[in-house]
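This is what each chain is made of:
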Amino acid sequence: FIDALRNDIVMMNMGATMLTGLTANLKFPRKTAGTASAAATENATATETTPTVDSVDLSPNRITAFTDVSNQVSLQANDDILALTENDLYQATLQELQRQLIHGAGSGGEMIGLLGISGIGSVGTATVTYAVIQNIIDAVAAANGMVAGNEGWLTNSFMRKTLKQKEEIASSGIKIWANDNTIDGYPVWMTNSVSRTLGGGTNASALIYGGDWSQFIIAQFGSINLMRNSMTKAKEALTEVIVHSWWDCDARQPAAFAADVAITA
């Protein structure tokens, strides 16, 4: 079998915090604002200050699919059709997982993806320029969300094509997307799991910047569960190949991320 072409799976390689083998819901207390000190005269009463706290909550969201395989095909095929089908369902799980990690709606069984997390920085413009790049970076830097060595961009092939043709400064010859696959010195990961249909316009895409990708949590509950069921449809001589997996994601500090969504040019 010649395999299908699929979106690159990159988000697990960008430095995200991976939590695996989980069995129970998790709740991480998060300090959203620390205490503050202030100057006071020699014997003045100190001003009370209290940190504000919320939590990062993680709970399983199921990603699943199944395929019926004819027992006759399994008998006659030269390849192990059931194993090929299992691998295809495994790859399909990773594709859907990555889509949800970016664009998950937080409803209908989907987790809330990165672009839907409240508190990430937002720069809204349909046309990207080098000034826009700096605005995206500054949205993170101004919130103290950058950690040296953990920064990077996430986008799709449309943005690659667009930024490969745009200069940082007019007539400089220096393209925004450099030949070493960096933007402003920070590495870029490209996958077409980043949608081209965000808002209005043709190829409306997102350009996402992470000042510290370890702030993004990918949580896996249990393991990817592949199974073969030859009983339910035995009368039809069919074997079901089924995949189940359970995931969630969140940002420990959303301000470590910023994005311009719906870029068309």
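To be clear, the structure that these remarks concern was listed above.
Below is a summary of the structure that appears in this document.

The rules behind the values
Residues numbered from 1 in each chain as written. Predicted model: local features only at pLDDT ≥ 70, side-chain atom pairs only at ≥ 80, totals over all residues. Heavy atoms only, no water. Helix = DSSP H or I, 4+ residues; strand = E, 2+ residues; numbered from the N terminus. Rg over C-alpha atoms; globule rule 2.2 N^0.38 Å. Buried < 20%, exposed > 50% of the residue type's maximum accessible area, 1.4 Å probe, protein only. Contact = heavy atoms within 4.5 Å. Areas by Shrake-Rupley, 256 points an atom, 1.4 Å probe, with all protein chains shown as cover. Lys, Arg positive; Asp, Glu negative; His and termini not counted. Charge placed at Lys NZ, Arg CZ, Asp CG, Glu CD. Pairing = 2+ DSSP bridges. Axes fitted to C-alpha atoms, helices over the stretch in contact; angles between N-to-C directions. Polar contact = N/O pair within 3.5 Å; in protein donor to acceptor, adjacent residues only side chain to side chain. Expected span 1.5 Å × (residues − 1). Core = buried A, V, L, I, M, F, W, Y, C linked by side-chain atoms within 4.5 Å.

Focus on the overall build of the protein chain
1) Next: Each helix and strand counted, the protein chain has four helices and 12 strands in total.
2) Next: For 265 residues, the compact-globule estimate of 2.2 N^0.38 gives 18 Å, and the protein chain exceeds it by more than 25% at 23 Å.
3) Next: Taken across its 265 residues, the protein chain has 38% of its residues classed as buried.
4) Next: The contacts in the protein chain between residues at least 6 apart in sequence include a share of 75% that link residues at least 24 apart.
5) Next: For the protein chain, the exposed area adds up to about 13,900 Å²; of that, 51% sits on carbon and sulfur atoms.
6) Next: Computed over 16 positive and 25 negative side-chain charges, the separation of the two mean positions in the protein chain equals 5 Å.

Quick word on the environment of alanine 92
1) Next: Relative to the helices and strands, alanine 92 resides in helix α2 (residues 81-103).
2) Next: For alanine 92, a relative accessible area of 37% translates into the label partly exposed.
3) Next: For the pair formed by alanine 92 and glutamate 48, sequence separation is 44 residues and the distance between their alpha carbons is 54 Å.

Focus: the sheet that holds strand β10 (residues 216-229)
1) Next: The sheet built from four strands is open, its strands ordered β1-β10-β11-β4 with mixed pairing. Edge positions in the sheet fall to β1 (17-22) and β4 (61-70), since each of these pairs with one other strand and no more. This sheet shows a mean twist of 20 degrees between the axes of neighbouring strands, independent of strand direction.
2) Next: One ladder, built from four bridges, connects β1 with β10; its direction is parallel. The residue of β10 that forms the bridge with leucine 22 is phenylalanine 221.
3) Next: Set on the sheet, α2 makes contact with β4, β10 and β11 (238-251); between it and β11 the angle comes to about 25 degrees.

Thoughts on unusual backbone geometry
Excluding glycine, most residues fall at negative phi; most peptide bonds, likewise, are trans.
1) Next: The phi dihedral of aspartate 184 is positive, around 55 degrees, even though this residue is not glycine.
2) Next: Relative to the assigned elements, aspartate 184 resides in the loop between β7 (182-183) and β8 (186-190).
3) Next: The backbone of alanine 237 sits at a positive phi, close to 55 degrees, despite the residue not being glycine.
4) Next: By the secondary structure assignment, alanine 237 is in the loop between β10 and β11.

A word on the sheet that holds β8
Strand pairs in the sheet, formed through backbone hydrogen bonds, run parallel or antiparallel to each other.
1) Next: Across the sheet, six strands lie side by side as β5-β12-β9-β6-β8-β7; this open sheet has mixed pairing. Both outer strands of the open sheet, β5 (121-122) and β7, are each paired with one neighbouring strand and no more.
2) Next: Pairing of β5 with strand β12 (residues 257-263) involves two bridges; the strand directions are parallel. Bridge pairing in β12 links serine 122 to alanine 259.
3) Next: Packed on one face of the sheet, helix α4 (residues 157-164) meets β6 (152-155), β7, β8, β9 (205-210) and β12 and runs near 85 degrees to β9.

Considering the pairing of β9
1) Next: Of all the six residues making up β9, six are buried; the element is thus mostly covered by neighbouring parts of the structure.
2) Next: Judged by which residues are buried, β9 turns out to be covered on both faces: Ser205, Leu207 and Tyr209 on one side and Ala206, Ile208 and Gly210 on the other are all buried.
3) Next: Inspection of the sheet shows β6 paired to β9 by three bridges, in the antiparallel sense. Considered in β9, the bridge of tryptophan 153 is made with tyrosine 209.

Comments concerning the side chain of histidine 244
1) Next: Looking at the secondary structure, you find histidine 244 in strand β11.
2) Next: Since its relative accessible area comes to 18%, histidine 244 is described here as buried.
3) Next: Looking at histidine 244, its side chain comes within polar contact range of the side chain of threonine 64, at 2.8 Å.
4) Next: Contacts of histidine 244, omitting those with residues within four sequence positions, involve Arg62, Ile63, Thr64, Ser223, Ile224, Asn225 and Met227.

Some remarks on the pairing of β6
1) Next: Of the two faces of β6, both are covered, the one formed by Gly152 and Leu154 as well as the one formed by Trp153 and Thr155.
2) Next: Bridge analysis of β6 against β8 gives three bridges, and the strand direction is parallel. Looking across to β8, one finds that tryptophan 153 is bridged to valine 188.

Focus: helix α3 (residues 130-141)
1) Next: Taking 1.5 Å of rise per residue, the 12 residues of α3 would be expected to cover 16 Å, and the 16 Å separating its terminal C-alpha atoms lies within 8% of that figure.
2) Next: Where α3 is buried, its residues touch β6, β7, β8, β9 and β12.

Quick notes on the nonpolar core
1) Next: Ranked by size, the top nonpolar core spans 34 residues in total, and within it Met11, Leu154, Trp213 and Phe216 carry the most contacts.
2) Next: At seven residues, the largest contribution of residues to this core is made by α2.
3) Next: Residue contacts for methionine 11: discarding those within four places in its chain leaves Ala16, Gln98, Leu101, Ile102, Leu154, Trp213, Phe216 and Ile218.
4) Next: Within the second largest apolar cluster, 20 residues are counted, among which are Phe158, Ile183, Tyr186 and Val188.

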